[in-house]
Amino acid sequence: METKKKWYNRYILGYLLIFFPPLGLYGVYKSETVPLKWKKATYAAFALAMIGLIIMYSI
């Protein structure tokens, strides 16, 4: 019997990161196919974007 691939191990993960970031970040966290260094890079980019938005809107 063939097991079904989980939603977070498919190509849809990239689209979720762009169009619905909270679910995309959760998918990156749960994914078994994304290497650890890419997970860390994704989290760092998201954190920098949030910090940049906070700074930009606080001025």
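Relevant structure appears above.
Reading the values: rules and limits
- Residues numbered from 1 in each chain as written.
- Predicted model: local features only at pLDDT ≥ 70, side-chain atom pairs only at ≥ 80, totals over all residues.
- Heavy atoms only, no water.
- Helix = DSSP H or I, 4+ residues; strand = E, 2+ residues; numbered from the N terminus.
- Rg over C-alpha atoms; globule rule 2.2 N^0.38 Å.
- Buried < 20%, exposed > 50% of the residue type's maximum accessible area, 1.4 Å probe, protein only.
- Contact = heavy atoms within 4.5 Å.
- Patch = residues over 30% accessible without salt bridge, like charges linked within 9 Å, V, L, I, M, F, W, Y side chains within 5 Å.
- Areas by Shrake-Rupley, 256 points an atom, 1.4 Å probe, with all protein chains shown as cover.
- Salt bridge = Lys/Arg side-chain N within 4 Å of Asp/Glu carboxyl O.
- Axes fitted to C-alpha atoms, helices over the stretch in contact; angles between N-to-C directions.
- Parallel < 35°, antiparallel > 145°, perpendicular 65-115°, else oblique.
- Left-handed = near helix turned anticlockwise from the far one by under 90°.
- Nonpolar A, V, L, I, M, F, W, Y, C, P; charged D, E, K, R; others polar.

Kindly report on the overall build of the chain, identifying the contributing residues and their values.
Across its full length, the chain carries three helices and zero strands. Going residue by residue from the N terminus, the α and β elements of the chain occur as α-α-α. What you see for the chain is a C-alpha radius of gyration of 14 Å, clearly larger than the 10 Å of a compact globule of 59 residues, by over 25%. Counting only C-alpha atoms and orienting by the principal axes, one finds that the chain spans roughly 60 × 20 × 10 Å. Looking at the chain residue by residue over its 59 residues, the buried ones come to 17%. Within the chain, contacts between residues separated by at least 24 positions form 10% of all contacts whose residues are at least 6 apart in sequence.

I'd like a rundown of a nonpolar patch on the surface, residues and numbers included.
On the surface, Tyr 11, Ile 12, Tyr 15, Ile 18, Phe 19, Phe 20, Leu 23, Tyr 26, Tyr 29 and Tyr 43 cluster together to form a nonpolar patch covering roughly 1200 Å² of accessible area. The topology assignment puts Tyr 15 in helix 1 (residues 12-19).

Provide a residue-level description of the environment of Trp 7, including the pertinent values.
By the secondary structure assignment, Trp 7 is in the segment before helix 1. Take Trp 7: its relative accessible area is 29%, and that puts it in the partly exposed class. Along the primary structure Trp 7 and Ile 55 are separated by 48 residues, whereas in three dimensions their C-alpha atoms are 34 Å apart. If near-sequence neighbours (up to four positions away) are discounted, Trp 7 is found in contact with Ile 12, Leu 16, Leu 23, Tyr 26 and Gly 27.

Run through the environment of Pro 35, naming residues and quoting values.
By secondary structure assignment, the location of Pro 35 is in the loop between helix 2 (21-30) and helix 3 (36-58). With relative accessibility at 43%, the residue Pro 35 sits in the partly exposed group.

How would you explain the packing of helix 1 against helix 2 if you had to name every residue and give the values?
Following both chains from N to C, one finds helix 1 and helix 2 inclined at 140°, their axes separated by 6 Å at the closest point. Considering the angle they form, helix 1 stands oblique to helix 2. Two packed elements cross with a definite hand, and for helix 1 against helix 2 that hand is left-handed. Listed contacts from helix 2 to Leu 13, Leu 16, Leu 17, Ile 18 and Phe 19 of helix 1 are Pro 21, Leu 23, Gly 24, Leu 25, Gly 27 and Val 28. Class assignment of the residues belonging to the contact of helix 1 with helix 2 gives a composition of nine nonpolar, two polar and no charged.

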